[in-house]
Amino acid sequence: MRNILISGAGVAGGTLAWFLARAGWAVTVVERAPGPRTGGQAIDVRGAALDVVDRMGLGERMRAVRTRMRGMSMVDGAGQELFRSEERTFSSGRLDSDDFELLRDDVVAILHEATDAEYVFGDSITALTEEAHGVRVEFEHGGTRTFDLVIGADGLHSAVRRLTFGPEERFVRHLGQYLAIFPAPNFLGLEDWQVWFRHEETGGVAYPVRDNTELRVTLGFGSEPLPRLTVPEQKRLIADSRQASFEWELEPGRKCGRLGHRFSLGAGRRTAEPPAPDAADSRRPRNRRPRRRGMERRAATVRAQSSRLRHSDSGCRARHPRRPRRSRRRTTGGRTPL
Ligand SMILES: Cc1cc2nc3c(=O)[nH]c(=O)nc-3n(C[C@H](O)[C@H](O)[C@H](O)COP(=O)(O)OP(=O)(O)OC[C@H]3O[C@@H](n4cnc5c(N)ncnc54)[C@H](O)[C@@H]3O)c2cc1C
């Protein structure tokens, strides 16, 4: 039987693995994450994709976990509503169509469960050599194996593309925007309702998922290309970006090493404590507010601070003074505010 290696257990990798396994290939999928990845945005299933998931026999399972929005609002940097619709949302389109939307986590988990393939989690390809009878693949942790074919489905910063065609700078075109997506408790009390927000070069969206128990928040900002940062560094960069429409603050009164960030929609009118905190974050003196400056300089600062923190063996020492609590004003009042 011919064997094939797919790098990346995302949407493309999982779907391809399903079809190739059905066609009789021995499929191996290598994914650098320790398991099927969680987090991320909702994915639309529309047009040809509807036929594909139904022909795979996965349509029913996917529809069972679809998002169910009643509508959306757009607010400005001051939290004022600019637009609302109960007919469509920006993320999923018309609400009365047959299209549906589900979280990327769910797509990936369903594909993984449904596919008869060997999944290797927590590993990555480090070298590819084309030989007469196949491709010799070296793995970061899993030694060397030979496959008839190797496919790169490992996303924007594909390792397969880099190893095969060269540095990604030759292929990736910066579009001037960065997005950060993370889960948060449903601090807005949103019920099947999306809130989009926009202020100058920044903006984003928050919407409830998982029976309104959780929010998925996206924050976006325009910037020149930034250096590649580690995940903790990326979080620090966002946390330090005190821009009007997504101001972040360290939450007062939480235990050292478990500090969250408070997230404000529209100039600080709504607050909460989203993403996974990092121990490193907690060591930042609380009331040191970075001056406004370019994201690039900020990224360099974050990198330098992180490097110092990595070389420090100190525990969490910073004491974070309590700040006056801000009122939780809603845009238009009421539990579902919009
Ligand atoms: C911010 C954002 C918002 C989006 N919003 C929407 C939306 O609202 N609606 C919609 O329909 N679509 C949306 N999309 C698009 C959708 O998420 C993507 O099209 C889809 O996830 C791409 O699938 P993929 O399989 O190519 O890559 P990915 O889903 O990125 O999967 C790549 C996989 O490869 C793994 N990987 C990476 N490097 C390696 C390596 N070296 N070795 C092994 N594994 C590796 C990754 O961990 C990941 O699991 C959005 C995308 C982004 C980035």
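Check the entry above for the structure.
In this report, we go over the structure that sits alongside the text.

Cut-offs used in this document
- Residues numbered from 1 in each chain as written.
- Predicted model: local features only at pLDDT ≥ 70, side-chain atom pairs only at ≥ 80, totals over all residues.
- Pairing = 2+ DSSP bridges.
- Helix = DSSP H or I, 4+ residues; strand = E, 2+ residues; numbered from the N terminus.
- Axes fitted to C-alpha atoms, helices over the stretch in contact; angles between N-to-C directions.
- Contact = placed C-beta atoms within 7 Å.
- Near = placed C-beta within 6 Å.
- Nonpolar A, V, L, I, M, F, W, Y, C, P; charged D, E, K, R; others polar.

1. Quick word on the sheet that holds strand β13 (residues 149-152)
Okay, so step 1: On the basis of which strands lie adjacent, the open sheet formed by four strands has the order β9-β2-β1-β13 and parallel pairing. Taken across any chain shown, the strands that pair with only one partner, and hence form the sheet edges, are β9 (118-121) and β13. Taking each pair of neighbouring strands and ignoring which way they run, the sheet shows an average axis angle of 20 degrees.
Okay, so step 2: As paired elements, strand β1 (residues 3-7) and strand β2 (residues 26-31) share five bridges and run parallel to each other. Bridge pairing links Ile-6 to Val-29 in β2.
Okay, so step 3: Its contacts with the sheet place helix α1 (residues 11-22) against β1, β2 and β13, and it is angled at close to 165 degrees to β2.

2. Some words on the pairing of strand β15 (residues 193-199)
Okay, so step 1: Where strand β4 (residues 71-76) and β15 come together, six bridges link them in parallel fashion. Counted as the bridge partner of Met-72 is Gln-194 from β15.
Okay, so step 2: Examined bridge by bridge, β15 and strand β16 (residues 202-209) share five bridges and lie antiparallel to one another. The residue bridging Arg-198 from the neighbouring strand is Gly-203, located in β16.
Okay, so step 3: What sits between β15 and β16 in their antiparallel hairpin is a turn of two residues, with Glu-200 showing a positive phi close to 50 degrees.

3. Some details on the site of the ligand
Okay, so step 1: Around the ligand sit 25 residues, and of these Gly-8, Gly-10, Ala-12, Gly-155 and Ala-159 come closest.
Okay, so step 2: Listed by contribution, the elements that provide at least two residues to the shell around the ligand are α1, β2, β3 (42-45) and β14 (177-185).
Okay, so step 3: Here the residues of the shell around the ligand are counted per class, giving 11 nonpolar, eight polar and six charged.

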